[in-house]
There are 2 protein chains.
Amino acid sequence: MKSLKDILVDGSFSMDKEDLLCYGYDASGIDMAPAAVVWPKSTMDICKLMQFAWQNDIKVIPRGAGTGLTGGAVPVADSILLSFEKMNNIIEIDTRNLNVVVEPGVINGDLQRALGQERYFYPPDPASLNTCTIGGNVAENAGGPRALKYGVTRDYVMQIEAVLPDGKLIQTGVQTKKSVVGYDLTRLLVGSEGTLAVITKIRLKVLPMPESVITILSAFGSLEQAGKTVSRIIADGIIPATMELMDRMTLVAVNKYKNVGFPEDIEAMLLIEIDGNSRAIQADADKVANICNGFQGKVKIAEDSASRELLWEARRAVSPALYKISPTKINEDVVVPVTKVSELLTGLQGISEAHSVPIACFGHAGDGNIHVNIMTDKNDKKKYDEAEKLVRKTFKLTLDLGGSISGEHGIGLTKSKYIDMELHSVTLDIMRGIKKLFDTKNILNPGKIFPGTDVH
Amino acid sequence: MKSLKDILVDGSFSMDKEDLLCYGYDASGIDMAPAAVVWPKSTMDICKLMQFAWQNDIKVIPRGAGTGLTGGAVPVADSILLSFEKMNNIIEIDTRNLNVVVEPGVINGDLQRALGQERYFYPPDPASLNTCTIGGNVAENAGGPRALKYGVTRDYVMQIEAVLPDGKLIQTGVQTKKSVVGYDLTRLLVGSEGTLAVITKIRLKVLPMPESVITILSAFGSLEQAGKTVSRIIADGIIPATMELMDRMTLVAVNKYKNVGFPEDIEAMLLIEIDGNSRAIQADADKVANICNGFQGKVKIAEDSASRELLWEARRAVSPALYKISPTKINEDVVVPVTKVSELLTGLQGISEAHSVPIACFGHAGDGNIHVNIMTDKNDKKKYDEAEKLVRKTFKLTLDLGGSISGEHGIGLTKSKYIDMELHSVTLDIMRGIKKLFDTKNILNPGKIFPGTDVH
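Residues numbered from 1 in each chain as written. Chains lettered and ligands numbered in written order. Predicted model: local features only at pLDDT ≥ 70, side-chain atom pairs only at ≥ 80, totals over all residues. Heavy atoms only, no water.

## A short note on the overall build of chain A
Working step 1: Broken down by element type, chain A carries 16 helices and 18 strands.
Working step 2: Against the 2.2 N^0.38 benchmark of 23 Å for 456 residues, chain A shows a C-alpha radius of gyration of 22 Å, consistent with a compact globule.
Working step 3: In terms of principal-axis extent, the alpha carbons of chain A reach across some 65 × 60 × 45 Å.
Working step 4: Across chain A, every contact between residues at least 6 apart in sequence was considered, and the portion connecting residues at least 24 apart equals 72%.
Working step 5: Counting only carbon and sulfur atoms, one obtains 48% of the accessible surface of chain A, whose full area is about 16,700 Å².
Working step 6: Looking at charge distribution, chain A has the averaged site of its 51 positive side-chain charges lying 2 Å from that of its 56 negative ones. (Helix = DSSP H or I, 4+ residues; strand = E, 2+ residues; numbered from the N terminus. Rg over C-alpha atoms; globule rule 2.2 N^0.38 Å. Contact = heavy atoms within 4.5 Å. Areas by Shrake-Rupley, 256 points an atom, 1.4 Å probe, with all protein chains shown as cover. Lys, Arg positive; Asp, Glu negative; His and termini not counted. Charge placed at Lys NZ, Arg CZ, Asp CG, Glu CD.)

## Here's the deal with the pattern of salt bridges
A side chain of one charge can pair with a side chain of the opposite charge if their charged atoms are brought near each other.
Working step 1: Within this structure, the stated rule accounts for 50 salt bridges over all chains.
Working step 2: For the salt bridge of Lys287(A) with Asp284(A), the shortest nitrogen-to-oxygen distance reads 3.9 Å. Taken together, the positions of Lys287(A) and Asp284(A), both in helix H10 (residues 278-294) and 3 residues apart, correspond to about one turn of that helix.
Working step 3: Taking the relative accessible area as the measure of exposure, Lys287(A) reaches 43% and is therefore partly exposed.
Working step 4: One salt-bridge network, held together by shared partners, links Arg154(A), Asp184(B) and Arg187(B). (Salt bridge = Lys/Arg side-chain N within 4 Å of Asp/Glu carboxyl O. Buried < 20%, exposed > 50% of the residue type's maximum accessible area, 1.4 Å probe, protein only.)

## Quick look at the packing of aromatic side chains
Working step 1: Per the counting criterion, the structure on display carries 10 aromatic pairs over all chains.
Working step 2: Aromatic pair Tyr122(A) and Tyr156(A): ring centres 6.1 Å apart, planes at 85 degrees, arrangement edge-to-face. Pair noted here: Tyr122(A) is in the loop between strand E7 (120-121) and helix H5 (134-140) and Tyr156(A) is in the loop between helix H6 (147-150) and strand E8 (157-163), with a separation of 34 residues, a long-range link.
Working step 3: Relative accessible area serves as the criterion here: at 4%, Tyr156(A) is assigned to the buried category.
Working step 4: Here the guanidinium or amino end of Lys205(B) rests over the ring plane of Tyr156(B), the centre of that ring lying 5.3 Å away.
Working step 5: The cationic tip of Lys441(B) hangs over the ring face of Trp54(B); the distance from NZ or CZ to the ring centre is 5.1 Å. (Phe/Tyr/Trp six-rings, centres within 6.5 Å; stacked < 30°, edge-to-face > 60°. Lys NZ or Arg CZ within 6 Å of the ring centre and 35° of its normal.)

## With respect to the relation of the copies chain A and chain B
Working step 1: Of the transformation placing chain A onto chain B, the axial shift is 0.0 Å and the rotation is 180 degrees, giving an RMSD of 0.0 Å. Such a combination of rotation and displacement between the chain copies is what one expects of a two-fold axis.
Working step 2: Of all interface residues in chain A, 100% are interface residues in chain B too; the two copies therefore contact each other through one and the same surface. (Least-squares fit on C-alpha atoms with pLDDT ≥ 70 in both.)

## So, the sheet that holds strand E12 (residues 212-220) of chain B
Residues and elements named next belong to chain B.
Working step 1: What the 7 strands build is an open sheet, ordered E15-E12-E14-E13-E17-E18-E16; its pairing is antiparallel. Two strands lie at the open edges of the sheet, namely strand E15 (298-301) and strand E16 (328-335), each paired on one side alone. Averaged over all neighbouring strand pairs, the angle between strand axes comes to 20 degrees, with direction disregarded.
Working step 2: Of the strand pairs in this sheet, strand E13 (residues 242-247) and strand E17 (residues 359-364) are connected by 2 bridges, and their pairing is antiparallel. Bridging from a neighbouring strand, Leu 245 pairs with Gly 363 of E17.
Working step 3: With respect to the sheet, helix H14 (residues 381-400) is in contact with E16, E17 and strand E18 (369-376), its orientation differing from that of E16 by roughly 5 degrees. (Pairing = 2+ DSSP bridges. Axes fitted to C-alpha atoms, helices over the stretch in contact; angles between N-to-C directions.)

## Some words on the pairing of strand E2 (residues 36-39) of chain A
Residues and elements named next belong to chain A.
Working step 1: The alternating pattern of E2 places Ala 36 and Val 38 and Val 37 and Trp 39 on opposite faces, both of which are buried.
Working step 2: Two strands pair when backbone bridges link them, and strand E1 (residues 12-14) and E2 are joined in this way by 3 bridges, in the antiparallel orientation. Directly across from Ser 12, in E2, lies its bridge partner Trp 39.

## Regarding the sheet that holds strand E9 (residues 169-173) of chain A
Residue and element names in this part refer to chain A.
Working step 1: The sheet built from 5 strands is open, its strands ordered E5-E6-E10-E8-E9 with antiparallel pairing. Each edge of the sheet is formed by a strand with only one pairing partner; in this case those strands are strand E5 (90-94) and E9. Ignoring strand direction, the axes of neighbouring strands in this sheet form an average angle of 10 degrees.
Working step 2: Relative to strand E6 (residues 99-102), E5 runs antiparallel, the two sharing 4 bridges. The partner of Ile 93 across the bridge, within E6, is Val 100.
Working step 3: The sheet strands contacting helix H3 (residues 43-55) are E8, E9 and strand E10 (198-205), and the helix crosses E8 at an angle near 50 degrees.

## Focus on the domain arrangement of chain A
All names here are of chain A.
Working step 1: The domain boundaries assigned to chain A delineate domain 1 (4-83), domain 2 (90-208) and domain 3 (212-400).
Working step 2: Centre-to-centre separation of domain 2 and domain 3, based on C-alpha positions: 27 Å.
Working step 3: Residue-level contacts link 9 residues of domain 2 with 14 residues of domain 3.
Working step 4: Buried surface at the junction of domain 2 and domain 3, summed over both partners, amounts to about 950 Å²; 62% is from carbon and sulfur atoms.
Working step 5: The largest per-residue losses of area from domain 2 upon contact with domain 3 belong to Pro 145, Leu 148 and Lys 149, which jointly make up 61% of the total buried on that side. (Domains from an automatic or database assignment. Buried area = accessible area lost by both parts, 1.4 Å probe.)

## Digging into helix H13 (residues 341-355) of chain B
All names here are of chain B.
Working step 1: Compared with an ideal rise of 1.5 Å per residue, which puts 15 residues at 21 Å, H13 spans 21 Å between its outermost C-alpha atoms and is within 8% of the ideal.
Working step 2: Restricting attention to buried positions, one finds in H13 the residues Val 341, Ser 342, Leu 344, Leu 345, Leu 348, Ile 351 and Ser 352.
Working step 3: Buried-residue contacts for H13 involve helix H8 (223-235), E13, E16, E17, E18 and H14.
Working step 4: A positive phi of about 50 degrees marks Ser 356, the residue just after H13. (Expected span 1.5 Å × (residues − 1).)

## Examining the packing of helix H13 (residues 341-355) of chain A against helix H14 (residues 381-400) of chain A
All names here are of chain A.
Working step 1: Orientation of H13 relative to H14, taken along the N-to-C sense of each, is 155 degrees, at an axis distance of 11 Å. It follows that H13 is roughly antiparallel to H14 by the angle criterion. Pair H13 / H14 crosses with right-handed handedness. Residues Leu 344, Gly 347, Leu 348, Ile 351 and His 355 of H13 touch H14, and the partners they reach there are Glu 386, Leu 390, Lys 393, Thr 394, Leu 397 and Thr 398.
Working step 2: Looking at the contact of H13 with H14, its residues break down into 5 nonpolar, 4 polar and 2 charged. (Parallel < 35°, antiparallel > 145°, perpendicular 65-115°, else oblique. Left-handed = near helix turned anticlockwise from the far one by under 90°. Nonpolar A, V, L, I, M, F, W, Y, C, P; charged D, E, K, R; others polar.)

## Some thoughts on the interface of chain A and chain B
Many descriptions give the size of an interface as the accessible area lost when the pieces come together.
Working step 1: The interface of chain A with chain B comprises 77 residues on the first partner and 77 residues on the second.
Working step 2: The contact between chain A and chain B buries some 6,300 Å² in all, and 65% of this surface belongs to carbon and sulfur atoms.
Working step 3: Together, Lys178(A), Val180(A) and Tyr183(A) form the three largest contributors to the area buried by chain A at its contact with chain B, with a combined 16%.
Working step 4: For Asp367(B), the salt bridge goes to Lys178(A), with nearest N and O atoms at 3.3 Å.
Working step 5: Those elements that place two or more of their residues in the side of chain A that touches chain B are H6, E9, helix H7 (185-189), strand E11 (207-208), helix H8 (223-235), H10, helix H15 (419-422) and helix H16 (425-438) of chain A.
Working step 6: The greatest single-element share of the side of chain A that touches chain B, amounting to 9 residues, is contributed by H16(A).

## Comments concerning helix H11 (residues 305-316) of chain B
In an α-helix, one turn spans 3.6 residues; hence positions three or four apart end up facing the same way.
Residues and elements named next belong to chain B.
Working step 1: Look at H11: 16 Å from first C-alpha to last across 12 residues, which is about the 16 Å you get at 1.5 Å a residue.
Working step 2: Among the residues of H11, Leu 311, Trp 312, Ala 314 and Arg 315 are the ones counted as buried. Each buried residue of H11 lies within a common arc of 155 degrees when the element is viewed along its axis, so the set occupies one face. Structural note: H11 exposes Ser 305, Ala 306 and Leu 310 on the side pointing more than 90 degrees away from its buried face. (Arc of directions from axis to C-beta.)

## Topic: the confidence of the model for chain A
Working step 1: Looking at chain A, the pLDDT average stands at 94 and 98% of residues meet or exceed 70.
Working step 2: The ipTM, which scores confidence in the relative placement of chains, is 0.96 for this predicted complex, and the corresponding pTM is 0.96. (pLDDT = per-residue confidence, 0-100.)

## So, the packing of H8(A) against H10(A)
Residue and element names in this part refer to chain A.
Working step 1: H10 packs onto H8 with a crossing angle of 145 degrees between their chain directions and a minimal axis gap of 9 Å. Viewed along their axes, H8 and H10 form a crossing whose handedness is right-handed. Two secondary-structure elements touch here, H8 through Thr 229, Arg 232 and Ile 233 and H10 through Val 288, Ile 291 and Cys 292.
Working step 2: For the contact of H8 with H10, the residue count by class is 4 nonpolar, 1 polar and 1 charged.

## Concerning the side chain of Asp247(B)
All names here are of chain B.
Working step 1: Along the polypeptide, Asp 247 turns up in strand E13.
Working step 2: In this structure, Asp 247 is buried with no salt-bridge partner, the nearest side chain bearing the opposite charge being Arg 248 at 8.0 Å.
Working step 3: Apart from residues lying up to four places away in sequence, Asp 247 is in contact with Leu 223, Glu 267, Ala 268, Ile 359, Ala 360 and Cys 361.

Structure follows, in structure tokens:
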């Protein structure tokens, strides 16, 4: 693959073993070294790279920060790994038109800080926001706690510049607030997990920062009561910015990892934030506190922005913290209608007890999106096989409740064998047809999403 | 086509000349009688109809209420016109999960009234809401005044049940607030103008009704000042629910049609609504009034809900009212970034003066979406040809300002010859590929969207 040197105008690449190892994994725990790592510096670099790959039938794997939990950025053998670290410029912040233009390598948190200085914000806020990139967020249609009130990445992408597998450049969407000119290719690329085109530039909608925030913590004696509280708040016409749930195992893990001092004698904690006009949110906060009390929740209000920030640091540390109590976790990401959260949580408790496998639950309860962590040990085959059986049971329970098997993590490698539990073969055939239309040669991030195409 | 009788289980059909005439047009003014009109009663009817059409190479044209302005529902010769009048049930209103399920023939206004009784609403509110159907709204990705704050139809469609051109049934999306499981076929169908699949059932997100609304009218001495006011309000971090503009010609026309008593000695009027918590919106209303005053706007607040409703009736009557001052209007629907609204309006004024062709402008100024009405007479060929030349000039101006040629009306028949002004050939090729993937035989609403395929 010496000719890589010739095709990259400004970019750089490496075939050093240590680079290949460093870029050969993501947060799914799966790894496979690529044949080369490329750091393009421009769209032109990527056009040339894809033309080269297309002509030579070389597989290309785009990778953001590797924080994905389903193996979406894990390379295949003999592939080129395309990393966006050198394409991390915020190109334009246009608050007068409520949008920004960024390169895909921009870190979500960096964009948040740049916008924050002007009292604007970009709503999608995955827990990995200080590491993950906007390009990865777009590829996975990332969510985050604020999705409850503000929606997911899909709702904020206005325009995408992308390079097709054969090297041609396309531009989708518009820089205006609306448009109906042909099919919606923008939303087709959002959440396509890097399988259709390489995203090279993105225009995102942003919003003025809300005037104030009130942060409420409520402790519950049972998961069921916490789940019912969540559903009642929504049914009463209140839409908080976030409504996060942590179960006891999660609270214990976070205490061990961060020493936050969460109570450990409760079954569930809700972390609720209401944002908006100061006077308006006080009324909503009172209503929320009353509803929590009605389900025997003990309510506490975060006093200042420092204690608020501490709570969010703790919340964002949940995923790494869980490794403190178990060597391996099988991380699922199911979502159900909000009225079914309580049934989902008690159902999972039942599955956990019946199989004597611990399951830690946390996540975005307000939009029904629960991160289900089946705690196990990869090195204990019997234990691990038993735990893995619970994945299918979890998905079955979720789908029976009218849910979906992934709220925000995507399908990638780890869930592709389950996708037909949710999607019918006719629907999957159309999706395969779309993949083929964009990528006849199947060179761009092959083996992801679709079952039976795992090339690992 | 006698065999139609055999394939429809519950539905009915007609080949009577008067039915063929009544269903052979839409609001674009183009007409072409189909060979038959079919009123299916169920999804099963539509599956059977499409299987029949597929096997016999018969073209099928889905039609909502025919309020579309670009000919999207106009039949082709020898086609079956599929009308949804008998599939107009609101199947489920689930306010606890903030969504509803409807058949495509449900009229937007009927859904609004059903939801209003429970203090919920469905944000997309096209001016034709008392006639247009949800199925048509989804096919065209309809907007409306509230799109400024709340977004367009695309932002509210959660699930679609649809019949493919070959008669197979698909289900897209989820009944949960988020999901990343395969490609976003839901958004691909929204705005596809009935060219990919026949929509048979729709799940829509709904929202709790805002507590209060304040309606502000402001009269301006120039279009430029009105445009600048709009842009300044957004730049100051205020997002009203609506921000509608009417120019002088529009005000005169509405007065003639509805006798509303709008002032006729001004150049532009803004109709601004702010909704939300009562105390919060009062503060925003004061800021908006100040900004209007700063651009010499004369501000008036609507006193009660009756006077408010009168204003909206007047606003919704604009499109029919304009026929009072000219026998024909060429109706365009361009959209620019909100900072460019002022330039767009003065640019259009320039075009109008240079060619001595009157142009009436009104529309959703807050999201940059202006309805441009080139006033002419279809029966005066010279006059009409001159007016039609202004369409391309209008689009050129719009695109030069970073805009899009259609904000909410779609491409249909009337704009297909201009689509390549906005979309590059590579993008158009992908869209054509998607059409082919869904509809290899090109039997479903053929000749729409894509240039060079006009079968009229």
